[in-house]
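Fold and contact review
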Amino acid sequence: MPNTALLRRASALALMLAMPGVALAQAPQVAPAQTSTPAANTATPSPDTVVASVNGKPITQGDLAIASDDPALSLPGVDEAQKKSLLVDYMVDLRVGAQAAEAAKIGDTPEFKRKLAYFRDKLLLDDYLEQEAKRAVTPEAEHAIYDQTVKLMKPEEEVHARHILVDNEGDAKKIAARIKGGEDFAKVAAETSKDPGSKAEGGDLGWFTKERMVPDFANAAFAMKPGQVSDPVKSQFGWHVIKVEEKRTKPQPTFDELKEQIDQHLVRKAQQDLILKLRADAKIDRTDAAPAAAQPAPETKKP
């Protein structure tokens, strides 16, 4: 089994050597004339399919699949044919290097054997936890967590509002008077608001709950009725003129909106529970505990 640290070093070297070939392959080339186009082979190759060999030892499609899962070999923007070619080159380099290291007796050293044992244990645990994760994420478990979650959600009031932000109270009073006199709020916001995030949208802030806004602004907005325009409201950002468009009870999130978070929760809990059970069932002796501090001897009183 390959050493992961060696894999990372080798992968970096192989990719640095191979990437110029990618650039060359992407350069415009004149294609030879063809009388017919062969049909693409879309069948999935067997993991045992041999793609290369090094000194008589085969490299298979299954070896490439494992290598492609290595984060160090991520090749965004490279098409599948080029990626496969690079992976084959990488596996050739890996095998050549590994065979040379084996001939040099690198694998016989105590340090290498400890590393090999560590990475073997790590890979075994990773695969074991992955299997546990797959068993944990079921439609029944997902919907049970969803139902439990939405039951615990307290109803929250939301406001849909617009605002205009200016630097001083005098400007805010003039703007409030214009809007209360019949001018369109969105038009005035586009002309006068200092808020770059909402100005282009006519001051529209969308739906928000009370805790999402600074207290002075939130208290004013949530005290208003739909259609109402506020007098100037001061906050840490300046002076606001607010218009409340609508109010509602915040709708509960759908199952699809929460599914990713639910799956993450199920995976973490299942894996944590598994480790805790394994620890509870195992006989574990730790010898690294610090020795108890020696107690000073009691003083002997002199007569």
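So, here is what we can say about the structure in this document. Keep in mind it's a predicted model, so treat the numbers as computed, not measured. (Residues numbered from 1 in each chain as written. Predicted model: local features only at pLDDT ≥ 70, side-chain atom pairs only at ≥ 80, totals over all residues. Heavy atoms only, no water.)

Attention now goes to a nonpolar patch on the surface. A cluster of nonpolar side chains, L125, Y128 and L278, forms an exposed patch at the surface whose accessible area comes to about 250 Å². In this fold, Y128 is placed in helix 4 (residues 110–136). With relative accessibility at 37%, the residue Y128 sits in the partly exposed group. (Patch = residues over 30% accessible without salt bridge, like charges linked within 9 Å, V, L, I, M, F, W, Y side chains within 5 Å. Areas by Shrake-Rupley, 256 points an atom, 1.4 Å probe, with all protein chains shown as cover. Salt bridge = Lys/Arg side-chain N within 4 Å of Asp/Glu carboxyl O. Helix = DSSP H or I, 4+ residues; strand = E, 2+ residues; numbered from the N terminus. Buried < 20%, exposed > 50% of the residue type's maximum accessible area, 1.4 Å probe, protein only.)

Aromatic ring pairs: the centre-centre distance and the angle between the two ring planes describe each pair. The full count for this structure, using the stated rule, is four aromatic pairs. Summarising the aromatic geometry, the rings of F208 and F222 are spaced 6.1 Å apart at their centres and angled 75° between planes, so their arrangement reads as edge-to-face. With F208 in strand 4 (residues 204–209) and F222 in helix 8 (residues 215–223), this residue pair connects regions lying 14 residues apart in the sequence. Given a relative accessible area of 0%, F208 falls into the buried group. Residue F222 is classed as buried on the basis of its relative accessible area of 12%. Ring-pair connections join several aromatic residues into one group, and the members of that group are F208, F217 and F222. Seen from the ring of W207, R248 lies directly overhead, with NZ or CZ sitting 3.9 Å from the centre. (Phe/Tyr/Trp six-rings, centres within 6.5 Å; stacked < 30°, edge-to-face > 60°. Lys NZ or Arg CZ within 6 Å of the ring centre and 35° of its normal.)

For helix 5 (residues 139–152), which comprises 14 residues, the first-to-last C-alpha distance of 20 Å matches the rise-based estimate of 20 Å (1.5 Å per residue) to within 8%. Every buried residue of helix 5 is listed here: E142, I145, Y146 and V150. All buried residues of helix 5 project into a common sector of 125° when viewed along the axis, lining one side. Away from its buried face, by an angle of more than 90 degrees, helix 5 presents the exposed residues E140, K151 and L152. (Expected span 1.5 Å × (residues − 1). Arc of directions from axis to C-beta.)

Moving on, we come to the layout of surface pockets. The computed volume of the second largest pocket comes to approximately 180 Å³. Lining the second largest pocket, in full, are Q61, L64, A65, S68, E80, A81, K83, K84 and L87. Taken together, the elements giving at least two residues each to the lining of the second largest pocket come down to helix 2 (61–68) and helix 3 (80–103). At five residues, helix 3 tops the list of elements feeding residues into the lining of the second largest pocket. (1 Å grid on protein atoms, 1.4 Å probe; cavity = no way out; pocket = protein on both sides within 12 Å on 5 of 7 lines; lining within 4 Å. Points joined across faces, edges and corners; volume = space filled by probe spheres on them.)

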